[in-house]
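Single-letter residue listing:
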Amino acid sequence: MKTINFVVIGYGGMGSYHAKGLIQEKDGVKVVGVYDIDQKRLDLAEEEGFKVYATLEDVLEDQSVEAVLIATPNDSHKELSIAALKAGKHVVCEKPVMMNTKEFEEVFALAKLEGKVFMVHQNRRWDNDFLIIRDLYKNKQIGELFQIESRVQGANGIPGDWRHLKQHGGGMLLDWGVHLLDQMLYMVDSPVKKVAADLSFVLGDDVDDGFISYLTFENGVKAIIEVGTTNFIKLPRWYVRGFEGAAVIRDWDLSGEIVKQTGTIDHHNLVPIKAGAGLTKTMAPPSEEATTTLRIKEVAADVAPFYANFYDVVRNNAEPIVKNEEVYRVLKLIEAIFEAAEKQQVIEFE
Ligand code: NAD
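For clarity, every value in this text was computed on a predicted model and none was experimentally measured.

Quick notes on the rules
Residues numbered from 1 in each chain as written. Predicted model: local features only at pLDDT ≥ 70, side-chain atom pairs only at ≥ 80, totals over all residues. Heavy atoms only, no water. Salt bridge = Lys/Arg side-chain N within 4 Å of Asp/Glu carboxyl O. Helix = DSSP H or I, 4+ residues; strand = E, 2+ residues; numbered from the N terminus. Buried < 20%, exposed > 50% of the residue type's maximum accessible area, 1.4 Å probe, protein only. Contact = heavy atoms within 4.5 Å.

Q: Help me out: how do you make sense of the pattern of salt bridges in this one?
A: When charged atoms on two side chains of opposite charge get close, those side chains can pair. What the rule picks out here adds up to 25 salt bridges. Between Lys 51 and Asp 62 there is a salt bridge whose closest N-O contact spans 3.7 Å. One end of the pair, Lys 51, is in the loop between helix 2 (39-47) and helix 3 (56-61); the other, Asp 62, is in the loop between helix 3 and strand 3 (67-70), with 11 residues separating them in the sequence. The exposure class assigned to Lys 51 is partly exposed, which follows from its relative accessible area of 45%. Overall, the relative accessible area of 15% leaves Asp 62 in the buried class.

Q: I'm lost on the environment of Ala 336 in this one. Help?
A: By the element assignment, Ala 336 lies in helix 9 (residues 324-343). On the basis of relative accessibility, which here comes to 5%, the residue Ala 336 falls in the buried class. Aside from chain neighbours lying at most four places away, what touches Ala 336 is Val 195, Ile 347 and Phe 349.

Q: Could you clarify how one ought to interpret unusual backbone geometry in this entry?
A: Excluding glycine, a negative phi dihedral is what most residues carry, and trans is how most peptide bonds are arranged. In this chain, Lys 95 is followed by Pro 96 through a cis amide linkage whose omega measures -10 degrees. Position of Pro 96 among the secondary structure elements: in the loop between strand 4 (90-94) and helix 5 (101-114). In the Ramachandran plot, Lys 140 falls in the positive-phi region, its phi being about 55 degrees despite a non-glycine side chain. When you line up the elements, Lys 140 lands in the loop between helix 6 (128-139) and strand 6 (145-153). The phi angle at Asn 317 is positive, at roughly 60 degrees, despite the residue not being glycine. Tracing the backbone through its elements, the reader meets Asn 317 in the loop between helix 8 (306-316) and helix 9.

Written out as C-alpha cells, the structure is:
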C-alpha cells in the first residue's frame, strides 16, 4: 500500500478538519503539508506540527506530493483545481465544486485529459440521519416514500466571512443547499421533472440566507428541501411519508420515530376528538391497534469511507462513490433553483 501524500490548500475551518481528522493513514492517505494565503493560518499550521509551503508553486513543484485537498472559498476552487491538475496532482475539492456548471465542465474535461482523479467531498452522503432515510426509501419499511422533506435550520445568520459575498460564491444554496440536494439526488433514483423555489433575503445580504425548493421526480416522489439561518424554532431535519406510515428525524442526534400502519383504519367508525372550539374525526389520532411506533435505529454505510474510496480510485481504478456526473447534476439543479426563484416560475428540468 503506497500512501498518497496530500497537501491541504486552505487551512481554515474545513481544511484543518481534513488535515487533523479526515485524512488518515489507515485509509492510505497522509497530509504532508499545508498551504494558505494567510500567514496567520500558516503559522498556526506550523505550530500544530505541519510542514508549510510558502507558495502554491512550491506545492505544485514538490514531486513527493501526489494529491491536494482544496478547501478555500468557493470562487477559488476552479483556478486552484486547474493549477493542480496541470501540475499532475490528483484533486479532492470541497463542495460546492465550482460556482456554476460551465466552470465545472472545464475542470472535469481537464482532469480527463490529464488522466488525474478529481473527486468532490460530498461527505454528507455518510451522515447517519441521511443513511436512515435512504434505507427507508430503499427498503420500503413504511411503503414507498412519496413525500420527502429535508431541512436544516438555524438562527445564527450567515457566518461572518466570505459566505456573505456573492463574488466568493456565498449564500446558503451554494453552502448547505449543495449537501441537501446531493443527498436527495443520490437517494431518489429518478429524473427531476419540475423545480420550484424561493430564496430568502431576510438578513439583507446580496446572497440568499436560506431557500426553499420543491422538486417533483418522474417516479412521483415530491421533495421539499429547505435551508434557513433565521429560524429561532426549527422544523425537523427529516419528515417523510410512505404509503404505509411516516417517519421523523428531528436532529443530528437521531431523535425521532417511525410510525407504521399495521392494521386497518375503520373510516366509518372514527371517534371524534375535541379540537379547539370544535370536534373532528378527520384529525383524531388513529386507534392504537392501527399503528406501531418504532425507534430510529442507526444504519451502517454500504460504501467505504470517502478517503478509503479515493485511495482505491487512484491506486486500483475503483469506481468513485462521488461521481463527477452526479456532482454536475447537482450544480445544474442549483442553477435551475436560482432560475425558478428569480422568475417565480416552475422550471421543467430533466
Ligand atoms: P474558511 O474561511 O474557514 O477557510 C478558507 C481558508 O482558505 C482560509 O484560511 C483562507 O485564508 C484560505 N484561502 C483563501 N483563498 C486561498 C487561496 N487562493 N489559496 C490558499 N488558501 C486560500 O472557509 P471554510 O469554512 O473552511 O470553507 C472552505 C471550503 O470548504 C468551502 O468551499 C466550503 O464550502 C467548504 N466546506 C465544506 C464543508 C463540508 O462539510 N464538506 C464544511 C465547511 C466548509
